[in-house]
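# Examination of the molecular architecture
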Amino acid sequence: MALPAEKARYTFADILTWEEKERAEIIDGEVFLMAPPRRVHQGVLTELTRQLANFLEGKKCRVYPAPFGVRLFEQDGDAPEDVDTMVEPDISVVCDLRKLDEYGCRGAPDLVIEILSPSSLRHDRLVKLNLYQRAGVREYWIVNPDEQSVQVFLLDGGILQIHEVYGPEDIAKVNVLEGCFMELSKVFAEQTGGQR
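Described in the following lines is the structure provided in the data block. (Residues numbered from 1 in each chain as written. Predicted model: local features only at pLDDT ≥ 70, side-chain atom pairs only at ≥ 80, totals over all residues. Heavy atoms only, no water.)

Attention now goes to the state of the cysteines. Throughout the structure, instances matching the rule amount to 1 disulfide. Two residues, Cys61 and Cys95, share a disulfide whose sulfurs are 2.0 Å apart. Around the S-S axis, the bridge from Cys61 to Cys95 shows a dihedral of about 105 degrees and counts as right-handed. Placement of Cys61 in the loop between α2 (39–56) and β3 (62–65) and of Cys95 in the loop between β5 (91–94) and β6 (100–101) is noted, with a sequence separation of 34 residues between them. Given a relative accessible area of 8%, Cys61 falls into the buried group. Cys180 carries a free sulfur, and the closest cysteine sulfur to it, the one in Cys61, is 9.7 Å from it. Residue classification places Cys180 among the buried positions, given a relative accessible area of 1%. (Disulfide = S-S within 2.5 Å. Helix = DSSP H or I, 4+ residues; strand = E, 2+ residues; numbered from the N terminus. Buried < 20%, exposed > 50% of the residue type's maximum accessible area, 1.4 Å probe, protein only.)

If you want it as structure tokens, here you go:
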């Protein structure tokens, strides 16, 4: 289904009327269509999700890979037509299960991971970083499959500040999950043919 005729402002109510195959985010009422991800993107997403899910087994936090809707600024009592921002992070970790509902997450996840693709470089590094900062996301990872790197940002005084940069052989610490570490050699193994 094609998107409806251009409107001045889109809301979550509009998204609920679109077919599931239409992948789009709305930020401050503006629609951003999402291109299909590259295979390497999906490989990185799968491995990060696997490691997080294994760590979280039996714990209170939950991990959700995209497509998973996050309505960052929705408040109690908001109707779908009141919500003008809904994003689909590549990976969301939510520890306050009261934020979860049938459509995804209402409010900021504890950890958000975005995996860069050529079409999303500026969007993830600037627009999304500022959005997640405004919403109060505690930890934000920008994963670059081409450079095999991970930038970790932590919320400090209301600002997401760069905390650590990891390379393809590093063990990356997940700061919001005590005792959780990601083996990046496995995350980036597909780019090197699994030979590490």
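If you walk across this open sheet you meet the 3 strands as β4-β7-β6, and the pairing is mixed. With one partner strand each, in any of the chains shown, β4 (69–71) and β6 form the two edges of the open sheet. In the sheet, β4 pairs with strand β7 (residues 104–106) via 3 bridges, with the strands oriented parallel. Bridge assignment links Arg71 to a residue of β7, and that residue is Arg106. (Pairing = 2+ DSSP bridges.)

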